[in-house]
Protein chains: 2
Amino acid sequence: MSQSVEWSVHCCLALAWIETDQPVSVAALSTWFDLPRAYLNKGLQALVRAGILTSHPGLRGGFRLARPPEQITLLDIVVAHEGREDAFRCTEIRQRGSGVDPAAPEFRRACAVTTAMRKADLAWRRELAAQTVADLMAAAPQAAAARTRRRHQSLRG
Amino acid sequence: MSQSVEWSVHCCLALAWIETDQPVSVAALSTWFDLPRAYLNKGLQALVRAGILTSHPGLRGGFRLARPPEQITLLDIVVAHEGREDAFRCTEIRQRGSGVDPAAPEFRRACAVTTAMRKADLAWRRELAAQTVADLMAAAPQAAAARTRRRHQSLRG
DNA sequence: GCCGGTATACTCGGATATATTATGTCCGAGTATATGTGG
DNA sequence: CCACATATACTCGGACATAATATATCCGAGTATACCGGC
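Residues numbered from 1 in each chain as written. Chains lettered and ligands numbered in written order. Predicted model: local features only at pLDDT ≥ 70, side-chain atom pairs only at ≥ 80, totals over all residues. Heavy atoms only, no water.

## Focus on the pairing of strand β1 (residues 53-56) of chain B
All names here are of chain B.
1) Next: Inspection of the sheet shows β1 paired to strand β2 (residues 62-65) by four bridges, in the antiparallel sense. Residue pairing in the sheet places Thr-54 in a bridge with Arg-64 of β2.
2) Next: Remark: five residues form the turn of the hairpin made by β1 and β2, two consecutive strands paired antiparallel; Gly-58 in that turn has positive phi of roughly 85 degrees. (Pairing = 2+ DSSP bridges. Helix = DSSP H or I, 4+ residues; strand = E, 2+ residues; numbered from the N terminus.)

## Things to note about the relation of the copies chain A and chain B
1) Next: With an RMSD of 0.0 Å, the operation that places chain A on chain B is a rotation of 180 degrees combined with a shift of 0.0 Å along the axis. Such a combination of rotation and displacement between the chain copies is what one expects of a two-fold axis. The C-alpha atom lying nearest the rotation axis in chain A is that of Trp124(A); the distance is 2.4 Å.
2) Next: In this assembly the copies share their binding face: 100% of the residues contributing to the interface of chain A also contribute to that of chain B. (Least-squares fit on C-alpha atoms with pLDDT ≥ 70 in both. Contact = heavy atoms within 4.5 Å.)

## Some points on the protein's contact with DNA strand C
1) Next: Residues in contact with DNA strand C amount to 23 residues; listed here are only the nearest, Ser2(A), Asn41(B), Ser55(B), Gly58(B) and Leu59(B).
2) Next: Looking at DNA strand C alone, sugar and phosphate atoms form 63% of those within 4 Å of the protein.
3) Next: Ser25(B) places a side-chain nitrogen or oxygen 3.5 Å from a phosphate oxygen of DNA strand C.
4) Next: In the model, a phosphate oxygen of DNA strand C is placed 3.1 Å from a nitrogen or oxygen of the Val26(B) main chain.
5) Next: Broken down by secondary-structure element, the contributors of at least two residues to the surface near DNA strand C are α1 (3-18) and α3 (37-49) of chain A together with α3 (37-49) and β2 of chain B.
6) Next: For the surface near DNA strand C, the element with the most residues is α3(B), which contributes four residues. (Near = heavy atom within 4 Å. Polar contact = N/O pair within 3.5 Å; in protein donor to acceptor, adjacent residues only side chain to side chain.)

## A closer look at unusual backbone geometry
1) Next: If you check the backbone angles, Arg60(A) has positive phi at about 60 degrees while not being a glycine.
2) Next: Relative to the assigned elements, Arg60(A) resides in the loop between β1 (53-56) and β2 (62-65).

## Describing the protein's contact with DNA strand D
1) Next: Surveying the vicinity of DNA strand D reveals 23 residues, the closest of which are Asn41(A), Ser55(A), Gly58(A), Leu59(A) and Ser2(B).
2) Next: Backbone atoms, meaning sugar and phosphate, make up 62% of the atoms of DNA strand D lying within 4 Å of the protein.
3) Next: Backbone polar atom of Val26(A) to a phosphate oxygen of DNA strand D: 3.0 Å apart, as the coordinates give it.
4) Next: In this structure, Ser55(A) approaches DNA strand D through a side-chain N or O atom, which is 2.4 Å from a phosphate oxygen.
5) Next: Secondary-structure elements contributing two or more residues to the surface near DNA strand D are α3 and β2 of chain A together with α1 (3-18) and α3 of chain B.
6) Next: A per-element tally of the surface near DNA strand D places α3(A) first, with four residues.
7) Next: A per-class count over the surface near DNA strand D returns nine nonpolar, ten polar and four charged. (Nonpolar A, V, L, I, M, F, W, Y, C, P; charged D, E, K, R; others polar.)

Have a look at this one:
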């Protein structure tokens, strides 16, 4: 899985802990987490396209959460990066080779292999969808939230 | 996910349906499924290293299942290709940046983000481990098994 | 007819290219702010 | 002192390189078979 997913989740957490409407620049976030600024920006753009964040150009610009942390799931963030399609791609190799009629009734039903894989994929997605950014905020230690707010304060000073 | 996973599962199904101890060459398998022979071989080698298949060189050589279909899970096959580690890689970015003491007590506990991701990963693995090749044999239409056996017969003729 | 040695055709296995994707970098368009100027 | 035009510094956004990985291919080492000659 893309590294950007991890970065994005931590950035969303930080933006949620700030508890303010003023945007946070990618420069600040990249400094806080010691990440390559330009590439982090690329990842956050994906979240903007997915409607998870909103971006604001100009001085004092940056990124904000597009909606409350309770309404942002891990699945949302993962899908923003990896896309909505399953990790397992069925290419229907059961229909390949000579002497196979693609119109045969047996192919009306989905491939058994694909069905099994999709079942696992759905379980994975179900767990991701059950965890919101707000849940992570509650699970993380208070020190993490405090550190984020401290860092945010020291921006203006 | 690697394409080889799909190929491997279908090959294991074929080997199970054959119901014989004589090995099947990668040449035959690649013909049956219309796949690149050499690259399919590479994928099956991974299964051999994982102990799922056994390989037999020489004339009339090929691949066999190393154990009964009931004892081969989808997780076994996936792990043989993708490795045992989680798709999500935690790089502990919570500890990065200036003014963070890596020895702080808060870091004794696992990263909340990683924990959430791992929970989803475990659910995925649980579903994969619950499905054996034998289960797939039962779920697939009889026509698939029959076609495989027919193909195997026509090898010697 | 039977046995043993040998040639052979076929097998896997790993070393070697190519294509695709992920990662990383750079610079420009655009905007909110700060500043200076005139009223 | 206030309003306004302007300059400016800072923002994101996408176009452009590089590294890593997945995909594909080729050729060699090794083996079970088939063949052939000798007994």
